[in-house]
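Notes for the structure review
So the chains spell out like this:
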Number of protein chains: 4
Amino acid sequence: MAQSFTLALNCPDRPGIVHAVTGAIFAHGGNILESRQFDDRETGRFFLRIVFETQAAVSALSDAFASLASDLAMDWKVVPTGQPVKTLILVSKFDHCLGYLLYKTRMGELPMDIVAVASNHPANALTVSTIGDIPFHHLPITKDSKAEQEARIKALVEESGAELIILARYMQILSDDLAAYLSGRCINIHHSFLPSFKGAKPYHQAHARGVKMIGATAHYVTADLDEGPIIHQAAEAVTHEDSPDDLVRKGREIESRVLGRAVGWHVTHRVFPNGAKTVVFGN
Amino acid sequence: MAQSFTLALNCPDRPGIVHAVTGAIFAHGGNILESRQFDDRETGRFFLRIVFETQAAVSALSDAFASLASDLAMDWKVVPTGQPVKTLILVSKFDHCLGYLLYKTRMGELPMDIVAVASNHPANALTVSTIGDIPFHHLPITKDSKAEQEARIKALVEESGAELIILARYMQILSDDLAAYLSGRCINIHHSFLPSFKGAKPYHQAHARGVKMIGATAHYVTADLDEGPIIHQAAEAVTHEDSPDDLVRKGREIESRVLGRAVGWHVTHRVFPNGAKTVVFGN
Amino acid sequence: MAQSFTLALNCPDRPGIVHAVTGAIFAHGGNILESRQFDDRETGRFFLRIVFETQAAVSALSDAFASLASDLAMDWKVVPTGQPVKTLILVSKFDHCLGYLLYKTRMGELPMDIVAVASNHPANALTVSTIGDIPFHHLPITKDSKAEQEARIKALVEESGAELIILARYMQILSDDLAAYLSGRCINIHHSFLPSFKGAKPYHQAHARGVKMIGATAHYVTADLDEGPIIHQAAEAVTHEDSPDDLVRKGREIESRVLGRAVGWHVTHRVFPNGAKTVVFGN
Amino acid sequence: MAQSFTLALNCPDRPGIVHAVTGAIFAHGGNILESRQFDDRETGRFFLRIVFETQAAVSALSDAFASLASDLAMDWKVVPTGQPVKTLILVSKFDHCLGYLLYKTRMGELPMDIVAVASNHPANALTVSTIGDIPFHHLPITKDSKAEQEARIKALVEESGAELIILARYMQILSDDLAAYLSGRCINIHHSFLPSFKGAKPYHQAHARGVKMIGATAHYVTADLDEGPIIHQAAEAVTHEDSPDDLVRKGREIESRVLGRAVGWHVTHRVFPNGAKTVVFGN
């Protein structure tokens, strides 16, 4: 029976890539269902995502792509479409983003296998989320125990086999070391419309400045705080009537939605880091 | 020197189309800059738009595509990217959409060659638009002269060589005959969020129903009034405070934007009729 | 200590209403924090919502307003600001709207006291929501038991003292009798941008028509199905790539948000029925 | 015959203001059509805008308000509703915002009397706007003539009696002296979502940072560049496909709309400066 695969690749641009790749798919009896590509003329890098159906074996496909990839200097992967991504979610006191991700996952909207939830607060601090059977890890942190706590996070990543780590309003600043360790596989939600209002208490900063819109930004974590490649942003109108607390309340909804969408694109292989930016074949 | 071309095609879906098409481009030294495709699994029809650069001659390219097209039963065209589309704009008393299209064209945002503007009202009814050197045709209409007036529209299409006809708030109902004549090359703006509020005075209908959003719809003209394939829609929040006149005012801005965007996509070969619907590779 | 109250009233318009009402508030040592008003010039009806602080006793205030109300033929109420509204939620198989309302209530964003949840499906059909201690009532329905089931709903309203009934994707068509019984205190979410796509399977209707936006509508229930006064609507862009299932998925998010906002405005006394429409002092 | 007036005031908050003001209106036979108010609890300042109809003479009204204003330490004005505001528009090479304002004014959507247009470029640099009979002033500027040129702007403000000055993509940096001179009566459009991307070439900054939305900000001019009180902001999604030129093109539409709306609110007396922020009774 035909099975669906998602191919995601990027490589230096040159003529003939699509022809070569679609040739390999065609040679394995594949039929292309979706295709998106981007040619970054600034950097000369080419990005391609193809969903195709075939009755061929995965191994035969992989061999064919590996050969092409070598010729074309590709970063690439081919995975069964919809295969769940093993995910670790880190959270602090505010668990609305966690609740949203759990809900989307249970509805079948996010192909994720949430292998663990960890928090610097105990489980009973989760007020809106029911994590059910998902393992919960309380990883308390003090000024003196930061290195130790981060070591436990790394261990958790290793043991759980997490491919993706989500900072779902995890309010601790990562050390450079941990940020580097998670780089490329960790998504954070910042509760402002970056680059506006970096750092702490962005809604209070926004209120003080008197802006007429607030927003949220989902980005990959890098060592440079609040400077990682942006995956998704959204914003909403606010007025002079909105107190900082109102902004916090309105912002919760934007944060959840922006993070949920960015994660959804990541786990369906629609996002490619591209230097300090991203290429996103959103839907 | 390399020149850019836009290829737009659709055909019955089968494996290997992209491989074959990109092969033809590659064989002519082409480099693909943009590519968008859609496989309509309901109807089994495949749609493809590719922008590519090549130093090859148009005639060689056309021969290659013609041969492919014959094999694959394609509807297709290849045109120099950005080549202006000859356009006739029909308007009545309200000329805000005309003004918007003229502005976009003058800014270089719409590759159109506006060959004529025609109206059932005289030129001095145009209050906000300056048409400059564009030929203006006053085509008055009465109950008795409808057939004759429509014959003049047809003649104008023929003489001007217009490839696209835009009904920019042209408030006359076309006869079935004229609608059929213009079918597939005529875009209308309807001032409601279709299928809500078909027919006359949609803003007044919307006000009476107490809706909390109003919208506009750009669609291809078919014999079936307000039922043609939709190209673009947008909507905006309104409140109980908005009188019918307020809706008309707010709607003007939505109408202009929706029509402008639909026209922009059409003249850059991003829109494909697909039965009663459209495929739109928007940007 | 000063306590905050919300006054909501409507009456035939005439000069001096605001002066008289604010006079009564001033006379009781009140300070106005928020005020919104609307004068419907079509119907001659006046709507006013005032939030004020005072140290005066409720009884004294009520006496003062009652006297005014009698003079000015007012419909009115004054309630402590933020007082929870007793609410019954009806649901069927899809519980995303229920989950959203529970979440908003637990976050303290909706001043509701959810006195019961009832469904025509058993409790284990709830897949995404944890209702915790809230009483759940399974009210199965068959073609023959409709009258009986609706009698149980009425009994539930009476026993629970519910002031508000929410149809949170409750997929049964109410009888005229039940609709009349609930009229004015029952909010439904319809999964289309009314008046488009009334009736069953609106996302499938939308897909068939090829619209470029989908939406949702929260409205008061009246005997006339899908024709009740609209409280809130929102819409979102979709494309030719969206299957009916994609529309269902995207629509879930819009439905939840639109219903949540409409309910939020209702329970903070910001919505006034106004014939077939509503006046909404949204925030 | 009844005439409509707009009253706009602000003063230190205290109980009884609305009662007193509406009493004065009532005493002059006025009927309130619209009313909006805001009590800034942080600063203790109260803002009120009332539209009312009356048959009383302006002088009688003004006397009544003047007396109240003195008691309550009010900043206030009462003007005939819809009275055009004398406006000077400054522009440089890009005239899309100018074109938009002219269009809105001609459509009757903006109650403005455009007394002059001035530019540091000659009239023939205006590519999309037809200014018709409006006086045009070419005020060239060089590094050495800045002081002199700014003196000519001041003279133009004096001679024309302009109450409002609009910087409609006027690309010169004002001296502190001119900024102070124009303070409180001058609106600028900045082509970014402030406080992101202050200073020059914001679209290029946005492209380099890889943001997923761009925006525009209309604000009052103060001596502190790009830091004036914000009146309105809007933003729109962009993608990795958008080049800096695409952002410039998409941004033009947002800029026009944001500036148009901010100006519309200013000339209908809906905007109140409030320290470093604004109170906006938008519609």
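Residues numbered from 1 in each chain as written. Chains lettered and ligands numbered in written order. Predicted model: local features only at pLDDT ≥ 70, side-chain atom pairs only at ≥ 80, totals over all residues. Heavy atoms only, no water.

As recorded in an unreviewed UniProt entry, chain A goes by Formyltetrahydrofolate deformylase and comes from Sphingomonas oryzagri. In the Function (unreviewed entry) part of its UniProt record, chain A is described as follows: "Catalyzes the hydrolysis of 10-formyltetrahydrofolate (formyl-FH4) to formate and tetrahydrofolate (FH4)." In the Pathway (unreviewed entry) part of its UniProt record, chain A is described as follows: "Purine metabolism; IMP biosynthesis via de novo pathway; formate from 10-formyl-5,6,7,8-tetrahydrofolate: step 1/1." (UniProt positions renumbered as here; feature names shortened; annotations may be inferred.)

The secondary structure content of chain A amounts to seven helices and 13 strands. Taking 2.2 N^0.38 as the reference for a compact globule, 283 residues should give roughly 19 Å; the C-alpha atoms of chain A span a radius of gyration of 20 Å, in line with that estimate. Here the C-alpha coordinates of chain A stretch approximately 60 × 40 × 35 Å along the principal axes. A total of 283 residues make up chain A; the buried ones form 58% of that total. Sequence-distant contacts in chain A: of pairs separated by 6 or more residues, those separated by 24 or more amount to 67%. Total accessible area on chain A stands at roughly 10,900 Å², and carbon and sulfur atoms take up 52% of it. Looking at chain A, you have 27 positive and 31 negative side-chain charges, and the mean spots of the two groups are 4 Å apart. (Helix = DSSP H or I, 4+ residues; strand = E, 2+ residues; numbered from the N terminus. Rg over C-alpha atoms; globule rule 2.2 N^0.38 Å. Buried < 20%, exposed > 50% of the residue type's maximum accessible area, 1.4 Å probe, protein only. Contact = heavy atoms within 4.5 Å. Areas by Shrake-Rupley, 256 points an atom, 1.4 Å probe, with all protein chains shown as cover. Lys, Arg positive; Asp, Glu negative; His and termini not counted. Charge placed at Lys NZ, Arg CZ, Asp CG, Glu CD.)

Time to look at the side chain of B:Ser119. All names here are of chain B. For serine 119, the position within the fold is in strand 6 (residues 112-119). A relative accessible area of 2% means that serine 119 is categorised as buried. Residue contacts for serine 119: discarding those within four places in its chain leaves Val91, Ser92, Phe136, His137, His138, Leu139 and Pro140.

Turning our eyes to something else, we now look at the domain arrangement of chain A. Residue and element names in this part refer to chain A. What the domain assignment lists for chain A is domain 1 (3-80) and domain 2 (85-280). Taking only C-alpha atoms, the centre of domain 1 and the centre of domain 2 are 31 Å apart. Taken residue by residue, the interface counts 14 residues in domain 1 and eight residues in domain 2. Three residues stand out in domain 1 for area buried against domain 2, namely Phe47, Arg49 and Lys77, and they jointly supply 48% of the buried area on that side. The tally of links from domain 1 across to domain 2 stands at one salt bridge. In this structure, arginine 270 and glutamate 34 form a salt bridge, with 3.6 Å as the shortest nitrogen-oxygen distance. Seen at the junction of domain 1 and domain 2, the total is four residue pairs in polar contact (both at pLDDT 80 or more). Counting only elements with at least two residues in the side of domain 1 that touches domain 2, the list comes to strand 1 (3-12), strand 2 (31-40), strand 3 (45-54) and strand 4 (75-80). Residues that form the side of domain 1 that touches domain 2 fall into these classes: six nonpolar, three polar and five charged. (Domains from an automatic or database assignment. Buried area = accessible area lost by both parts, 1.4 Å probe. Salt bridge = Lys/Arg side-chain N within 4 Å of Asp/Glu carboxyl O. Polar contact = N/O pair within 3.5 Å; in protein donor to acceptor, adjacent residues only side chain to side chain. Nonpolar A, V, L, I, M, F, W, Y, C, P; charged D, E, K, R; others polar.)

On to the interface of chain A and chain D. On the chain D side, the residues contacting the 33 residues of chain A number 33 residues. When chain A packs against chain D, the two sides together hide about 2,600 Å² of surface, and 55% of this comes from carbon and sulfur. Ranking the residues of chain A by area buried against chain D places A:Arg209, A:Lys212 and A:His240 at the top, with a combined share of 28%. Seen at the junction of chain A and chain D, the total is two salt bridges. The salt bridge involving A:Arg209 is made with D:Glu227; its shortest N-O contact spans 3.6 Å. At the boundary of chain A with chain D, the tally comes to 17 residue pairs in polar contact (both at pLDDT 80 or more). Sorting the residues of the side of chain A that touches chain D by element identifies strand 2, helix 6 (202-209), strand 11 (230-237) and strand 13 (277-280) of chain A as the ones contributing at least two each.

This paragraph deals with the pattern of salt bridges. Considering all chains together, one arrives at 60 salt bridges over all chains under this definition. Via salt bridges that share partners, A:Lys104, A:Glu109, C:Arg252 and C:Glu253 belong to a single interconnected network.

Okay, the sheet that holds strand 5 (residues 85-91) of chain B next. All names here are of chain B. Strand order in this open sheet of seven strands is 7-6-5-8-9-10-11, and the pairing throughout is mixed. Every other strand in the sheet has two partners, leaving strand 7 (136-138) and strand 11 (230-237) as the edge strands with one partner each. Geometrically, the sheet is characterised by an average inter-axis angle of 20° between neighbouring strands, direction not taken into account. Pairing between strand 5 and strand 6: seven bridges, direction parallel. Paired with isoleucine 89 across the strands is valine 117, a residue of strand 6. Docked against the sheet, helix 3 (residues 96-106) engages strand 5, strand 6, strand 8 (164-167) and strand 9 (186-190), running at close to 160° with respect to strand 6. (Pairing = 2+ DSSP bridges. Axes fitted to C-alpha atoms, helices over the stretch in contact; angles between N-to-C directions.)

Moving on, we come to the UniProt feature "domain: ACT" (unreviewed entry) in chain A. Per the UniProt record, the feature "domain: ACT" (unreviewed entry) sits at residues 6-83 of chain A. Helix makes up 33% of residues 6-83 of chain A and strand 42%, whereas the separation of the span's terminal C-alpha atoms amounts to 10 Å.

All names here are of chain D. Put simply, helix 6 (residues 202-209) and helix 7 (residues 244-267) touch, their axes get as near as 9 Å, and they point 125° apart. With respect to their mutual orientation, helix 6 and helix 7 come out oblique. Crossing angle aside, the handedness with which helix 6 passes helix 7 is right-handed. Contacts from Tyr203, His204, Ala206 and His207 of helix 6 reach helix 7 at Pro244, Leu247, Val248, Gly251, Arg252 and Glu255. Looking at the contact of helix 6 with helix 7 residue by residue, the classes come out as five nonpolar, three polar and two charged. (Parallel < 35°, antiparallel > 145°, perpendicular 65-115°, else oblique. Left-handed = near helix turned anticlockwise from the far one by under 90°.)

So, on to the relation of the copies chain A and chain D. With an RMSD of 0.0 Å, the operation that places chain A on chain D is a rotation of 180° combined with a shift of 0.0 Å along the axis. Accordingly, the operation relating the two chain copies is best matched by a two-fold axis. For chain A, the smallest separation between a C-alpha atom and the rotation axis is recorded for A:Ser196, amounting to 2.5 Å. Taken as a fraction of all interface residues of chain A, those also at the interface in chain D reach 100%, which identifies the copy contact as same-surface. (Least-squares fit on C-alpha atoms with pLDDT ≥ 70 in both.)

Right, let's get into the relation of the copies chain C and chain D. The operation linking the two copies of the chain is a rotation about an axis combined with a translation along the axis. Expressed as a screw operation, the relation of chain C to chain D combines 0.0 Å of axial shift with a rotation of 180°, fitting to an RMSD of 0.0 Å. The residues that chain C uses at the interface reappear at the interface of chain D in 100% of cases, marking a shared surface.

Turning our attention to the pairing of strand 10 (residues 213-220) of chain A. All names here are of chain A. The element strand 10 is extensively covered by neighbouring structure, given that eight of its eight residues are classed as buried. On strand 10, burial covers both faces: Met213, Gly215, Thr217 and His219 on one face and Ile214, Ala216, Ala218 and Tyr220 on the other are all buried. Bridge count between strand 9 (residues 186-190) and strand 10: four bridges; the pairing is antiparallel. Paired with isoleucine 187 across the two strands is tyrosine 220, which belongs to strand 10. Direction of pairing for strand 10 relative to strand 11: antiparallel, over a ladder of seven bridges.

To continue, consider the side chain of B:Ser192. Residue and element names in this part refer to chain B. With respect to the helices and strands, serine 192 occurs in the loop between strand 9 and helix 6 (202-209). A polar contact is formed between the side chain of serine 192 and the backbone oxygen of serine 196, at a distance of 2.5 Å. Filtering out sequence-adjacent residues up to four positions away, serine 192 remains in contact with Phe197, Pro202, Gly215, Ala216 and Thr217.

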